[in-house]
Amino acid sequence: MPSRVRLPAWLLYFNHAMTMATISSNGDGRHCYERTKMKKKRKFYLKRLGKNCYIPWSEIGLNQYYREVLCLPENLNVDSPNEVETLYKQLAETPLENTASALREWILCISELDSVLSEVSARRYVAMTCNTKDPEAAKAYEEFVENIDPIQQKYHDLLNKKMIAHPSLNELNDEFGVYFRSVKVSLELFNEKNIPLETEVQKELQAYQKITGSMSVMHNGEEKTLQQMSNLLESNDREIRKEAWEKIQNRRLQDKDKLNEAFDKLFKLRNTIAKNAG
């Protein structure tokens, strides 16, 4: 494991959010990673993605230094349950020295693996919601939810238990205290019965997105999505706001039965998850 890399503590649990923030602010996906050591600001996060919203590592252009930081194989296939599970299994079974530095480096490697999978999941979700009529985008997201997410949930519980049981945990409280508290809460709420239910929730959300994503209305002779119409709700003209609101609600009412059915399914699933969590 790399010993020369020191990332800020907040990156461990806000890594994906920060990645997306740097995309919108300066386009430099490496803003979080010891920027001064990078000779070039590679904008690989902004590279155009294919229909599956996934760039193989070999096409991202990571240099050797960055691969070392990631603690991940150069050609990781995020669609392979076997490869993903192997990495998590290695993290779960790797013996750790009873030192704060060993625990810290181990946590960083977990964070990097999680952040990569989170990035892929987010991009596929965006691709699926941007074009709900694209069957390939929907399939790519659904397969990730069904095959990869359950592995993450299963091993997160094992990794969390290993982390909290480490004898040097308290030595890192100043740096990771908030993160450790969230881990303890996750351990209290975890129930293996909820893993398949969480997968069903994601699939039902996908079905809901297909319903709402296909909605559109005619406005001033042009077809507009509900998202486009919602911009008019901020107009200073009350009549414009009223017209936009009525068109949005009337369009939703056309699919009220489908929306109600989707809501009922999600409510039932989430209620069961809550009961299982205690």
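Residues numbered from 1 in each chain as written. Predicted model: local features only at pLDDT ≥ 70, side-chain atom pairs only at ≥ 80, totals over all residues. Heavy atoms only, no water.

A. Local environment of the packing of helix H6 (residues 135–147) against helix H7 (residues 149–164). Interaxial distance between H6 and H7 falls to 3 Å at its minimum, and their mutual angle equals 30°. In terms of their interaxial angle, H6 and H7 are classed as roughly parallel. Side by side, H6 and H7 meet where Phe-144, Val-145, Glu-146 and Asn-147 of the first sit next to Asp-149, Pro-150 and Ile-151 of the second. The residue makeup of the contact of H6 with H7, split by class, is four nonpolar, one polar and two charged. (Axes fitted to C-alpha atoms, helices over the stretch in contact; angles between N-to-C directions. Helix = DSSP H or I, 4+ residues; strand = E, 2+ residues; numbered from the N terminus. Parallel < 35°, antiparallel > 145°, perpendicular 65-115°, else oblique. Contact = heavy atoms within 4.5 Å. Nonpolar A, V, L, I, M, F, W, Y, C, P; charged D, E, K, R; others polar.)

B. Quick look at helix H5 (residues 100–130). With 31 residues, H5 ought to run about 45 Å at 1.5 Å a step, and its terminal C-alpha atoms sit 44 Å apart, in line with that. Of all the 31 residues making up H5, 24 are buried; the element is thus mostly covered by neighbouring parts of the structure. (Expected span 1.5 Å × (residues − 1). Buried < 20%, exposed > 50% of the residue type's maximum accessible area, 1.4 Å probe, protein only.)

C. Structural detail: H6. The end-to-end C-alpha distance of H6, which contains 13 residues, comes to 18 Å, matching closely the 18 Å that a straight helix rising 1.5 Å per residue would cover. Taken together, the buried positions of H6 are occupied by Ala-137, Ala-138, Ala-140, Tyr-141, Phe-144 and Val-145. Along the long axis of H6, the arc covered by the buried residues comes to 165°, so they all point the same way. Of the exposed residues in H6, the ones pointing more than 90 degrees away from its buried face are Pro-135 and Lys-139. Looking at the packing, one finds that the buried side of H6 touches H5, H7 and helix H9 (194–213). A side-chain oxygen of the first residue of H6 lies 3.0 Å from the backbone nitrogen of Glu-136; this N-cap is Asp-134. (Arc of directions from axis to C-beta. Polar contact = N/O pair within 3.5 Å; in protein donor to acceptor, adjacent residues only side chain to side chain.)

D. View of the pattern of salt bridges. Taken as a whole, this structure holds 12 salt bridges when the rule is applied. The shortest N-O distance in the salt bridge between Glu-175 and Arg-104 comes to 2.4 Å. Remark: Arg-104 occurs in helix H5 and Glu-175 occurs in helix H8 (residues 173–189); sequence separation between them is 71 residues. You can call Glu-175 partly exposed: its relative accessible area is 28%. Residue Glu-222 is joined to Lys-224 by a salt bridge in which the shortest nitrogen-to-oxygen separation is 3.2 Å. (Salt bridge = Lys/Arg side-chain N within 4 Å of Asp/Glu carboxyl O.)

E. Region of interest: the nonpolar core. Ranked by size, the top nonpolar core spans 30 residues in total, and within it Tyr-88, Leu-103, Trp-106, Ile-107, Leu-117, Met-163 and Phe-180 carry the most contacts. Broken down by secondary-structure element, the contributors of at least two residues to this core are helix H4 (81–93), H5, H7 and H8. By residue number, the principal contributor to this core is H5, which donates 10 residues. Once residues within four sequence positions are removed from consideration, Leu-103 is found in contact with Leu-96, Met-163, His-166, Ser-168, Leu-169 and Leu-172. Listed in part, the eight residues of the second largest apolar core include Ile-211, Val-217, Leu-226 and Ala-244. (Core = buried A, V, L, I, M, F, W, Y, C linked by side-chain atoms within 4.5 Å.)

F. Representation of the environment of Glu-146 in the model. For Glu-146, the location among the structural elements is in helix H6. Glu-146 sits 57 residues away from Lys-203 along the chain, and the two C-alpha atoms are 8.5 Å apart. In terms of polar contacts, Glu-146 uses its side chain to reach the side chain of Lys-203, at 3.0 Å.

G. How the structure looks around the packing of aromatic side chains. Tallied over the full model, the rule gives six aromatic pairs. For the pair Tyr-88 and Tyr-155, a centre-to-centre distance of 6.1 Å together with 15° between the ring planes defines the contact as stacked. Taken together, the residues Tyr-88 in helix H4 and Tyr-155 in helix H7 connect sequence positions 67 residues apart. Given a relative accessible area of 0%, Tyr-88 falls into the buried group. One aromatic cluster is present, built from ring pairs that chain together Phe-176, Tyr-179 and Phe-180. (Phe/Tyr/Trp six-rings, centres within 6.5 Å; stacked < 30°, edge-to-face > 60°.)

The values reported here are purely geometric and, on their own, carry no functional implication.
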